[in-house]
Structures are given as C-alpha cells and as structure tokens.
Amino acid sequence: MSDLPKPDEFLTGIDHKMPQTDWMNTPTEIRKGMYCYASNYKSVEILGLPNARPWNPLEDDWKLPENWQQIIHEGFKERLDKFRSFKVFMDICVRCGACADKCHFFIGTGDPKNMPVLRAELLRSIYRNDFTTVGKILGKIGGGRKMTLDVLKEWWYYLFQCTECRRCSVFCPYGIDTAEVTIMGRELLNLIGLNIDWIATPIANCYQTGNHLGIQPHAFKDMLEFFVEDIEEITGINVDPSFNRKGADILFITPSGDVFADPGTYTCMGYMMLFHYLREKYGFDITWSTYASEGGNFGFFTSHETMKRLNSKMYAEAKRLGVKWILGGECGHMWRVINQYMDTMNGPADFLEEPVSPITGTKFENAKSTKMVHIAEFLADLIHHDKLELDPSRNDNFKVSFHDSCNPARGMGMFEEPRYVIKNVCNHFYEMPANTIREQTFCCGSGAGLNAGENMELRLAGGLPRANAVKYVHEKFGVNMLACVCAIDRAALPTSLEYWVPEVDTTGMTELVANALIMPGETKRETDLRGEPLPGMEEDDA
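The rules behind these values
Residues numbered from 1 in each chain as written. Predicted model: local features only at pLDDT ≥ 70, side-chain atom pairs only at ≥ 80, totals over all residues. Heavy atoms only, no water. Domains from an automatic or database assignment. Contact = heavy atoms within 4.5 Å. Buried area = accessible area lost by both parts, 1.4 Å probe. Salt bridge = Lys/Arg side-chain N within 4 Å of Asp/Glu carboxyl O. Helix = DSSP H or I, 4+ residues; strand = E, 2+ residues; numbered from the N terminus. Buried < 20%, exposed > 50% of the residue type's maximum accessible area, 1.4 Å probe, protein only. Pairing = 2+ DSSP bridges. Phe/Tyr/Trp six-rings, centres within 6.5 Å; stacked < 30°, edge-to-face > 60°. Lys NZ or Arg CZ within 6 Å of the ring centre and 35° of its normal.

### What to know about the domain arrangement of the protein
Domain boundaries assigned for the protein yield domain 1 (25-195) and domain 2 (202-535). Each of domain 1 and domain 2 has a C-alpha centre, and these two points are 32 Å apart. Listed as interface residues are 38 residues of domain 1 and, on the opposing side, 39 residues of domain 2. In total, about 3000 Å² of surface goes out of reach between domain 1 and domain 2, with carbon and sulfur atoms giving 61% of it. Looking at the side of domain 1 facing domain 2, the largest losses of area belong to Leu-47, Arg-166 and Arg-167, adding up to 18% of the total buried there. Our enumeration of links across domain 1 and domain 2 arrives at three salt bridges. Linking Arg-31 and Glu-457 is a salt bridge whose minimum nitrogen-to-oxygen distance equals 3.2 Å.

### Description of the pattern of salt bridges
Side chains that differ in sign of charge can pair as their charged atoms come close. This structure, assessed with the given rule, holds 31 salt bridges. Across the pair Asp-249 and Lys-324 runs a salt bridge whose closest N-O atoms are separated by 3.6 Å. Here Asp-249 is found in the loop between helix 12 (217-235) and strand 1 (250-253), whereas its partner Lys-324 is found in the loop between helix 15 (304-321) and strand 3 (325-328), with 75 residues between them in sequence. Using a relative accessible area of 36% as the deciding quantity, one classes Lys-324 as partly exposed. Taken together, the shared-partner salt bridges connect Asp-404, Glu-416, Arg-419, Glu-431 and Arg-438 into one network.

### Observations concerning the pairing of strand 1
Residues in a regular strand point their side chains to alternate faces of the sheet. Of the two faces of strand 1, the one carrying Ile-250 and Phe-252 and the one carrying Leu-251 and Ile-253 are both buried. When strand 1 meets strand 2 (residues 286-288), the two strands line up parallel, connected through three bridges. Looking at the pairing, Ile-250 lines up with Ile-286 of strand 2.

### Looking at the packing of aromatic side chains
Tallied over the full model, the rule gives 26 aromatic pairs. Note on Phe-252 and Trp-288: the rings are 4.9 Å apart at their centroids and 75° apart in plane angle, and the pair reads as edge-to-face. Here Phe-252 is found in strand 1, whereas its partner Trp-288 is found in strand 2, with 36 residues between them in sequence. Side by side, Phe-252 and Trp-288 carry an identical accessibility label, which is buried. With centroids separated by 5.6 Å and ring planes inclined at 35°, the aromatic side chains of Phe-300 and Phe-301 adopt a geometry described as tilted. Using a relative accessible area of 1% as the deciding quantity, one classes Phe-300 as buried. The exposure class of Phe-301 is buried, given its relative accessible area of 3%. Put simply, the rings of Phe-252, Tyr-271, Phe-275, Phe-284, Trp-288, Trp-325, Phe-364 and Phe-378 touch in pairs and so form one group of aromatic residues. Over the aromatic face of Phe-351 sits the side chain of Lys-319, whose NZ or CZ is 5.3 Å from the ring centroid.

Next comes the structure, spelled out in structure tokens:
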C-alpha cells in the first residue's frame, strides 16, 4: 500500500459532486488500482466458458467475438424470459435515489456510476433501447442507448465495483435487488469471455481440487495436522481430526481461506478444538472432507449455473460419506447461496436428515430443506444449554465489536446468534452505530471477487464506511478487535483496518470461543491461539 495516499489525503480526494456532463456522455476511464486483472484464459478453458483467450482491459482490443453484440442481446432476452425478478427490476425503478448514498463504493469513491441506481441504469438503458417500445421509438430520449464497445467496457468496469452486498435493497421502496442486476450483468459479460482472474481462477481451482485455493486433498490434510501441533503446544491436547470417514453423523465444511491464511487459520484451529471438546464430553461424531474442502462459492459471482455446480459438490460428498447432516463454518457467500438459492438449484436434500443436535436435542427447523446448520447457531444452542465450559476472562485483552457479514446478515437474517456467542465468551463487547449493523451493515469492501491486490484503491474506498464505524467504537470504547463470521471478511478487513484504523485487529467468532473454551485435560493455558499472552500471563513471561 506504499503507493497509496495517506488516509487523510485519501479522504480529501473523494468528491461527491455530480459531473458537468450527463452520465451517458461521461467516458469511462479504466484506472489502475480500481480494477482487477483479466481472467486467465486457462481458467476460462477449465470452466468451459466462452471465448477463452489472453486479453488486457487497458488495451483497446479486448479480442471479442465478431458477433458479441448479438450474444449480449440474446443472453439479455433469455434472462428476461427466465428470471421474472430481473424483468421486474428493469421496469419498476423510478430513479428516486433512495439507494444513491447507501453504497459503500459511492461513499468511498464519489463516482456517481457507483450509485446503485446508476449502476443498474447501465443495463436498464440497453434494456429500454432493445426491449421496450418507447426505447425503440425514442432511443436516447426514452432513456435508451445502443450497446457499443464503450458501453461494454463501462459495464465491465462498474459491475466489478459492486460486492453484491444488497445494502441498497434495504432502502429501496420497491425492493429492487441491485445485486441481482449485477449478477445478471456479470453473466452476460461471461458469455463473451469477460471475467476477472480473482474469480475465474478460484472457480477453476474448485472444479479441479474441491477448493478455491487449489489445495490438493493430501495438502489440505497436512495443513490441519500442522494446526494439531500448534493446538497441542498451546493446550497440551492432541485434537486428532477425522477425514473422509464414511458413516459419521455430521460432515463439516468451511471455506478454504480458514485453512490457508491468517487470521482465518485461528478460526480453523477453533473448530478443531471445539469438535475435540464435544467428542470427549459427549461423543460428538463429525468428519472433515478433503474433497469437498470448500464452503465458499465463487460461482455466485459468475453465473447461476456455475453457482449451482459448486454448491452441489458439498451435497455429493455428504451423500458419498453417508452422513446425517452438514455443519457449515464461518463463510459469507456460502451461506447466502445455501439460504437463498439451494432449494431451486440443487435441493431439497431429501437424502439427508433434518438436523438435530446430538448434544442438546434441538431441532434446527430452519435447516429442514438445506440440511445444513451454521456454526453460529450450533454454538449458540450449545451455550444456551450450558454445554460448554467457558472462561470469558481469557479474552479480556480484547474489546470486541461485531461486523455483520453481508450475506449471513442481510442474506439469511442471522443477527443475534453470533452476538449471543461472542457475549458469552468475551466480557467486553460494544456495538457499532445502529445504522451500520444488522440489516444496514456496511460491507467489508472486498466481497464478490474483489479481494485482489491490484485493486487496492477500490478495496480501501469500499471499506471506508465500515472502517469509519470501527473507528467510532475504537475512539469511544477502546475497541481493538473486530469479530466476524466470514472468511472474505477475515481476508479483507485486516488490510482495510490497517489502513484506516490500525489499532484494531480482526478475528473469527470461533477463535474467541476456542480461547475461552476449557478443554478436558488441558495444561495451564498461557497464550491465546495467536501465541499472545492471556490476561495475567504477561508477567510470567517477564
């Protein structure tokens, strides 16, 4: 981030004034720091997507098919016919502007084309021109415009400046889901081979190895065994996880980011400690898969069909292993896909049982169709029934706030369960302002495939509103740790907070649980999972 301006300079450079020219006549400048690299053609080939070839967004020639306009037109028509919501969203917007200042990218960049209403208008203008009588007759006067190369490049640039967080939809009086418009626009771009590499390559990896990072099954197992050693060093306990075991009661699936990169690795260690505790105390029977080793679903950022294919692997593995139901880890888009799309894409999963906790007897009726339970609701149920021995004082070095990850929060309505868990394992918890949490939560700024290194300016701009709320509770309450339940958040927020609020770190919910968890037979705990002294242990190190 050395080539970026200092935070104060960044803030003074944001200009929310409207441009002098009409938005249709304002040219798009594809600028370094604001866009992700073009998709690697080898990844596009693996996915079987059209027009795989090397190309560069900064060059004039994007190497498109000769009939690319026809492809876009036919793809647009097909989706209008197939998805009634898409047709409704194209027709009913009155451009009231209620969503305009709700997007973190507009707040952070000042670019009017990042207003949700205007980002969607990029597609609506083509819709009016090609598919409405008024547009066909009046053209630009009727709000329509023709699909040109400049318009196409504008689509690509701005549709990949949207994290599909759906904050704008909360404020829309008509309930228009601009994220769905973005999804449709990206689908159309993929018809002619226009994607970004931070999406295409993870999906290609997932097709080949079962996870976005391309970790081979034996390497996935090795990673967890490294954590076994770390946990034993901290607790004196050998946790011994189970892999690919047929006949286990429960299959556990989490995003691969938790296995590969800090601070997600500490959350992963937390899962392993929790499962060991439950096995020792209650005979809990759970297994990991080294094949369906990814809960996340980058297909969500590409097309409905790609999303469907990646979602299916978890259920195929559950069927192969013969488990009763699935427990899912801390992930964002994994849970939005499961909660909002699973039934119509791959479900219902009638070969699995309706999830029931083998420890408390609680029936998770919300998972009756998906057969998949979120780790937060599972933990909240255990704590509610007093099934975990906890020492919250072990987290007393932390003053914690909670970031509602967009997809579990807005996408599946999970607001209270993570808070209940955190409040039971931490003594110092503080909420950010009400208009920045729960339904109105701000995005981390790097979701929907935008967590690349090359678009750092965009990420920091998009992360500004969330960081601003964190800065508020840091200054008012001394908050120094931001908890979340999403692997993308755990990858994106440390960078964003390092820039905007460097005094605050990022953690997963289950990491905090594991710090507080009193393991059967553990040795004296002197450090947390990060190797930092527990409260009161600092003097022992002196």
